[in-house]
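Each chain, letter by letter, is given below.
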2 protein chains.
Amino acid sequence: MNRHSIVKGKLICVALNDSEQLSAMQQEFSEAPYKAPPTQPVLYFKPHNTWNTQAATIDWPSTGGPLYVGASLAVVVATKCTRVSAEQALEYVAGFSILHDFSLQEKSYYRPDIKGKCLDGTAPLGAKVTPIDQVSDLSALSVITEVNGELASEFPLSQMQRSVPELISSISYIMTLEPGDVIAVGFKGERILLNKGDKVCSAIAGVTELSNQVAG
Amino acid sequence: MNRHSIVKGKLICVALNDSEQLSAMQQEFSEAPYKAPPTQPVLYFKPHNTWNTQAATIDWPSTGGPLYVGASLAVVVATKCTRVSAEQALEYVAGFSILHDFSLQEKSYYRPDIKGKCLDGTAPLGAKVTPIDQVSDLSALSVITEVNGELASEFPLSQMQRSVPELISSISYIMTLEPGDVIAVGFKGERILLNKGDKVCSAIAGVTELSNQVAG
């Protein structure tokens with residue numbers, strides 16, 4: 001495993017933050033056991049053993065797969081914050097990068113499972129953090145992912161159900177955010193199914209790029 | 001928040017490892033959406049912001065509670081291990097301590113929720129790690145918890161559905177375990193409901209003790 005130097009404390013991912021996916025799931029939300037859509041962001045952790053770097057090769061799962069990837073804008077926390085408002089949330093942000101979340105198939109979107117999300121080395125983060133003052137309008141940006149040079153996914157950040165400031169605020173009410181914490185704020189609902197040897201490259205214009213190859 | 005020096009990487013807790021609780025939940029397991037008992041250990045993380053120490057005061061939840069506590073034997077990993085057998089699992093263990101897991105009420109036992117489990121400072125760990133060669137028979141031990149000096153819970157480790165070696169093996173197939181990772185291997189199914197100001201003291205004979213007070 002290769003370790004980057006950006007994440008210091010915790011790497012938090014936000015699931016179910018694609019408004020189109022949420023719309024399509026209205027029927028499922030009405031069923032047991034929840035019988036209602038989630039009222040709070042659905043979060044999961046990518047722990048220490050998952051942290052990885054730009055250009056790292058991603059192991060094929062020892063369980064045999066299938067393996068999926070999603071890409072997200074990654075928000076890097078600059079300053080400790082607890083229970084901050086959405087209006088003030090961006091004051092605690094150092095800047096932005098990109099995260100790839102490689103995982104097994106999701107069986108439930110409500111609470112992503114540990115087994116599928118915590119494979120070694122499955123959370124590479126871009127090498128560069130673009131300072132927040134160099135990014136003017138997040139809602140105008142898109143996360144674009146190519147697999148083997150062909151467009152596989154495009155996720156406009158304007159399509160996020162909850163905005164970056166809203167998420168920082170909500171999460172900071174659940175747990176204190178600390179310098180070097182990273183939040184992957186939103187993935188396109190439909191993840192990308194991968195094959196062995198695939199090259200996955202994601203970019204957010206003006207922010208950064210991230211490329212990884214799945215082991216052959 | 002007070003930080004101890006034991007956990008370096010990740011703090012993993014095992015839910016649903018009380019065989020009596022599992023027996024009592026057979027009906028619930030047959031219902032949607034899972035319709036079967038879990039076949040793997042049910043895990044959750046206590047992230048960086050939760051880590052705390054012996055004698056630390058635990059904040060009352062800003063959401064108003066109710067607040068519960070469970071106590072568990074804490075296994076401290078000595079050596080990096082991936083996909084180890086249960087027979088070899090204890091070779092990777094440095095020793096044992098106790099963890100208190102303070103949390104909000106569990107709505108679902110299948111996948112403990114982030115909001116309820118990740119309150120700041122809610123995972124104090126005993127000050128001492130007892131080396132594994134000083135502990136002869138784990139299955140003969142019990143985790144005993146007193147609240148304000150009265151017995152509140154007793155959990156014999158022999159009542160664990162999965163043993164310590166089985167858990168280390170299973171978890172090491174999901175994610176690599178690294179030096180300084182800690183696994184809280186089992187809590188009594190019924191957690192202890194707390195009031196403001198309660199003093200919580202847990203002990204495992206011959207291993208260690210842990211005491212914390214809830215803020216008044």
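This text follows the structure it describes.
From a predicted model like this one, the values you see are computed outputs, not experimental measurements.

Caption draft 1: Inspection of the sheet that holds strand S9 (residues 142-147) of chain A at higher detail. Residues and elements named next belong to chain A. On the basis of which strands lie adjacent, the open sheet formed by five strands has the order S4-S14-S13-S9-S10 and mixed pairing. Two strands lie at the open edges of the sheet, namely strand S4 (57-58) and strand S10 (150-156), each paired on one side alone. Strand direction decides the pairing type here: strand S13 (residues 199-204) and strand S14 (residues 208-214), joined by six bridges, are antiparallel. The residue of S14 that forms the bridge with valine 200 is asparagine 212.

Caption draft 2: Local environment of the pattern of salt bridges. Residues and elements named next belong to chain A. As enumerated under the stated definition, the model contains 10 salt bridges over all chains in all. Note that aspartate 101 is salt-bridged to lysine 46, the shortest N-O span being 2.5 Å. Pair noted here: aspartate 101 is in strand S6 (residues 93-103) and lysine 46 is in the loop between strand S2 (42-45) and strand S3 (51-53), with a separation of 55 residues, a long-range link. When sorted by exposure, aspartate 101 lands in the same class as lysine 46, which is buried.

Caption draft 3: Local environment of the pairing of strand S6 (residues 93-103) of chain B. Residues and elements named next belong to chain B. Burial within S6 is extensive, with 10 of its 11 residues counted as buried. Bridge analysis of strand S5 (residues 67-77) against S6 gives 10 bridges, and the strand direction is antiparallel. Note on S6: the bridge partner recorded for serine 72 is leucine 99. Taken together, the two bridges between S6 and strand S8 (residues 130-131) define a ladder with antiparallel strand orientation. The residue bridging glycine 95 from the neighbouring strand is proline 131, located in S8.

Criteria and cut-off values
- Residues numbered from 1 in each chain as written.
- Chains lettered and ligands numbered in written order.
- Predicted model: local features only at pLDDT ≥ 70, side-chain atom pairs only at ≥ 80, totals over all residues.
- Heavy atoms only, no water.
- Pairing = 2+ DSSP bridges.
- Helix = DSSP H or I, 4+ residues; strand = E, 2+ residues; numbered from the N terminus.
- Salt bridge = Lys/Arg side-chain N within 4 Å of Asp/Glu carboxyl O.
- Buried < 20%, exposed > 50% of the residue type's maximum accessible area, 1.4 Å probe, protein only.

This is a description of form; function is not addressed.
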